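What follows is the residue order along each chain.
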Amino acid sequence: MNILLVGNGGREHALAWKIKQSTPQAKLFSAGTNAGILSLADYVQLDENNFTEIAKFCTTQKIDLVVVGPEAPLSRGLVNELKKESIPAFGPTKEAARIESSKSFAKEFMIRHNIPTASFASFDSSQETKAMEYISTLNPPIVVKADGLAAGKGVVICNSHDEARSTVKSMFSGIFKEAGKKVVIEEYLEGDEASILALTDGSDYIILPTAQDHKRIFDNDQGKNTGGMGSYAPTPLISNDLIAEIEASIIRPAIKGMADEGCPFAGCLYAGLMIHQNKPKVVEFNCRFGDPETQAVLPLLQGDFSSLLYSIAEGKLNKSYYAGYENKFACCVILASKGYPDSYEKGFEITGIENAENSGCIVFHSGTKKLNGKIVTDGGRVLGVVGISHSLEASIAKAYEGAKLINFQNKYYRTDIGKKGLRYIK
Ligand code: AMP
Ligand code: GLY
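Just so you know, these numbers come straight off a predicted model, no measurement behind them. (Residues numbered from 1 in each chain as written. Chains lettered and ligands numbered in written order. Predicted model: local features only at pLDDT ≥ 70, side-chain atom pairs only at ≥ 80, totals over all residues. Heavy atoms only, no water.)

**Re the overall build of the protein**
Logical step 1: Assigned secondary structure in the protein consists of 15 helices and 25 strands.
Logical step 2: In terms of overall dimensions, the protein is globule-like: its C-alpha atoms have a radius of gyration of 21 Å, near the 22 Å expected for 426 residues.
Logical step 3: Principal-axis analysis of the C-alpha atoms gives the protein an extent of 60 × 45 × 45 Å.
Logical step 4: Buried residues in the protein amount to 57% of all 426 residues.
Logical step 5: Pairs at least 24 apart in sequence give 68% of the contacts found in the protein among residues at least 6 apart.
Logical step 6: Taken as a whole, the protein presents about 17600 Å² of accessible surface, with 47% of it coming from carbon and sulfur.
Logical step 7: Here the protein carries 47 positive and 49 negative side-chain charges, and the mean point of each set is 1 Å from the other. (Helix = DSSP H or I, 4+ residues; strand = E, 2+ residues; numbered from the N terminus. Rg over C-alpha atoms; globule rule 2.2 N^0.38 Å. Buried < 20%, exposed > 50% of the residue type's maximum accessible area, 1.4 Å probe, protein only. Contact = heavy atoms within 4.5 Å. Areas by Shrake-Rupley, 256 points an atom, 1.4 Å probe, with all protein chains shown as cover. Lys, Arg positive; Asp, Glu negative; His and termini not counted. Charge placed at Lys NZ, Arg CZ, Asp CG, Glu CD.)

Listed below in structure tokens is the structure:
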């Protein structure tokens, strides 16, 4: 099987690793520079923004499957383009990807299908006065979200009416370009977050082990939001009863709703939830695997992952390729560059990856590249160190043991990944 993997981060390295684990004979191609992905895939020079070029490559190289990691190419229609050429691709069409690429679409969709979420209103830049009036009716904190994709920076939790008003004004005046010309203003939800990943062909689905991300940069969830500083799976926050409720009130109606509206969602549907008093509400839907949730979830899966993705790309989920997951826990600690999520330096040599691997960890590369035979830092999030064990506590200890064996200048990581999970264990 020839597979083209689109995307260049930790999530994609985990996808490449799992694909190779389940089908070692598969030939992988990547247009990225990530040193982890390129240890498993052949480099191809392709402009990932040029969908015609990608489709042409797939046809001439006889690519059997394209796996698309990030939301940007999905929301711009890469899968639509590949479908036109009958190239099997894992990921939703542009229309289905709106569940992530337009927050107002996602919110209105949830209302139409009775999916629990925070109360909200949306406004475009011609409705500034109305937006200001709506803000006055809410009690802070007030959540202001740019409607479109804003590289994880489009959500601001405002602690006062004034802050909410000025945030809306700055979005309307273009800080996120077109993505902020429409905003969603919503109620602040208290609680604990969880990430649910469902693999679906648009009607049937499989729910993967539950996970929890750690979005803030500093310990105890302090500081700025990031892409995610660590994750673990499964999370004891979600009991068997709760997952049944999430399935019935969120996952099933979302998949059915997209199909009923004429844009079936095929790929990985990610529901970001807030759990308060054991009740789930949707904070956001994403149209792809989570990063860094994927790095913790995939190592636990049993079965033939490549064939599972292929069956979805072909239009019919074949559940026989999914054999559930190991009765273990995985914890992923992100090693980042000091300064992230703001500015940071890169190009520092990384040492000790092998030592971490020899200690039993899996090391997924996020922002790395090879330079003169050495692996160097090349992003804000650099590596994800995954420890796997029979208890959550032991998986955390193992991940941190590995994290300490890796060195590079300006290495920064949170020291409390997974700790929230221990709190949920009764
Ligand atoms: P999003 O990009 O929509 O996932 O938002 C980023 C992060 O902002 C989420 O992971 C939450 O931590 C936080 N957030 C978003 N919406 C809300 C909300 N309504 N209430 C509380 N926190 C929120
Ligand atoms: N970990 C959050 C995300 O992938 O959006």
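**As for the packing of helix 6 (residues 94–101) against helix 7 (residues 103–112)**
Logical step 1: Where helix 6 meets helix 7, the axes come as close as 6 Å, and the angle between the chain directions of the two elements is 90°. When the axis of helix 6 is compared with that of helix 7, the two are roughly perpendicular. Contacts between helix 6 and helix 7 involve Arg98, Ile99, Glu100 and Ser101 from the former and Lys103, Phe105, Ala106 and Phe109 from the latter.
Logical step 2: Tallied by class, the residues present in the contact of helix 6 with helix 7 amount to 4 nonpolar, 1 polar and 3 charged. (Axes fitted to C-alpha atoms, helices over the stretch in contact; angles between N-to-C directions. Parallel < 35°, antiparallel > 145°, perpendicular 65-115°, else oblique. Nonpolar A, V, L, I, M, F, W, Y, C, P; charged D, E, K, R; others polar.)

**Thoughts on the sheet that holds strand 8 (residues 155–158)**
Logical step 1: The strand order across the open sheet built from 4 strands is 6-9-7-8, with neighbouring strands paired in antiparallel fashion. Each of the sheet's edge strands pairs with one partner strand only, and the pair in question is strand 6 (120–124) and strand 8. Here the average twist between neighbouring strands, direction ignored, is 20°.
Logical step 2: Bridge count between strand 7 (residues 142–146) and strand 9 (residues 182–187): 5 bridges; the pairing is antiparallel. Among the inter-strand pairings, Ala146 is bridged to a residue of strand 9, identified as Val183.
Logical step 3: Sitting on the sheet, helix 8 (residues 128–136) is in contact with strand 6, strand 7 and strand 9, with an inclination near 155° to strand 6. (Pairing = 2+ DSSP bridges.)

**Notes on the pattern of salt bridges**
Logical step 1: Applying the stated criterion across every chain, the model contains 23 salt bridges.
Logical step 2: Between Glu12 and Arg11 there is a salt bridge, with its nearest N and O atoms 2.9 Å apart.
Logical step 3: Glu12 sits in the buried class, given a relative accessible area of 1%.
Logical step 4: By relative accessible area, which is 7% here, Arg11 ends up buried.
Logical step 5: Measuring nitrogen to oxygen at the nearest pair gives 3.0 Å for the salt bridge that ties Lys224 to Asp342. (Salt bridge = Lys/Arg side-chain N within 4 Å of Asp/Glu carboxyl O.)

**Observations concerning the side chain of Ser30**
Logical step 1: Structurally, Ser30 can be placed in strand 2 (residues 27–30).
Logical step 2: Excluding residues within four positions of it along the chain, Ser30 makes contact with Leu4, Leu5, Ile37, Leu38, Ala41, Asp42, Tyr43 and Val44.

**Quick look at the site of ligand 1**
Logical step 1: Near ligand 1 there are 15 residues, and of these Glu186, Leu189, Glu193, Lys215 and Glu284 occur at the shortest range.
Logical step 2: The contact in question runs from a nitrogen atom of ligand 1 to an N or O atom on the backbone of Leu189, over 2.8 Å.
Logical step 3: One of the side-chain N or O atoms of Glu193 is found 2.5 Å from an oxygen atom in ligand 1.
Logical step 4: Burial of ligand 1 by the surrounding chains reaches 91%, relative to a free accessible area of 470 Å².
Logical step 5: Only strand 7, strand 8, strand 9 and strand 17 (279–286) provide two or more residues apiece to the shell around ligand 1.
Logical step 6: Here the shell around ligand 1 is composed, by residue class, of 7 nonpolar, 1 polar and 7 charged. (Near = heavy atom within 4 Å. Polar contact = N/O pair within 3.5 Å; in protein donor to acceptor, adjacent residues only side chain to side chain.)

**Here we look at the pairing of strand 15 (residues 230–233)**
Logical step 1: Alternating positions in strand 15 separate into two faces, Gly230 and Tyr232 on one and Ser231 and Ala233 on the other, with burial throughout.
Logical step 2: Pairing of strand 12 (residues 212–213) with strand 15 involves 2 bridges; the strand directions are antiparallel. Note on strand 15: the bridge partner recorded for Asp213 is Ser231.
Logical step 3: As defined by bridge partners, strand 15 adjoins strand 20 (residues 329–337) across 4 bridges and the pair is classed as antiparallel. Bridge assignment links Gly230 to a residue of strand 20, and that residue is Val333.

**So, the nonpolar core**
Logical step 1: Counting 75 residues, the largest nonpolar core has Leu4, Val66, Ile251, Phe285 and Ile406 as the members making the most contacts within it.
Logical step 2: Per-element tally for this core: the top contributor is helix 10 (residues 240–260), with 8 residues.
Logical step 3: In contact with Phe285, not counting residues within four places along its chain, are Ile99, Glu100, Met110, Ile115, Ile250, Ala254, Leu269, Tyr270 and Ala271.
Logical step 4: Core analysis: the next-biggest nonpolar cluster, separate from the first, contains 42 residues, Ala14, Ala26, Leu199 and Ala233 among them. (Core = buried A, V, L, I, M, F, W, Y, C linked by side-chain atoms within 4.5 Å.)

**As for helix 14 (residues 392–405)**
Helical periodicity: at 3.6 residues per turn, an α-helix aligns residues three or four positions apart in one direction.
Logical step 1: With 14 residues, helix 14 extends 20 Å between its outermost C-alpha atoms, agreeing within 8% with the 20 Å of an ideal straight helix rising 1.5 Å per residue.
Logical step 2: Every buried residue of helix 14 is accounted for by Leu392, Ser395, Ile396, Ala399, Tyr400, Gly402 and Ala403. The buried side chains of helix 14 occupy one side of the element, clustering within an arc of 160° when seen end-on. In helix 14, the exposed positions angled more than 90 degrees off the buried face are occupied by Glu393 and Lys404. (Expected span 1.5 Å × (residues − 1). Arc of directions from axis to C-beta.)

These values are about where atoms sit, not about what they do.
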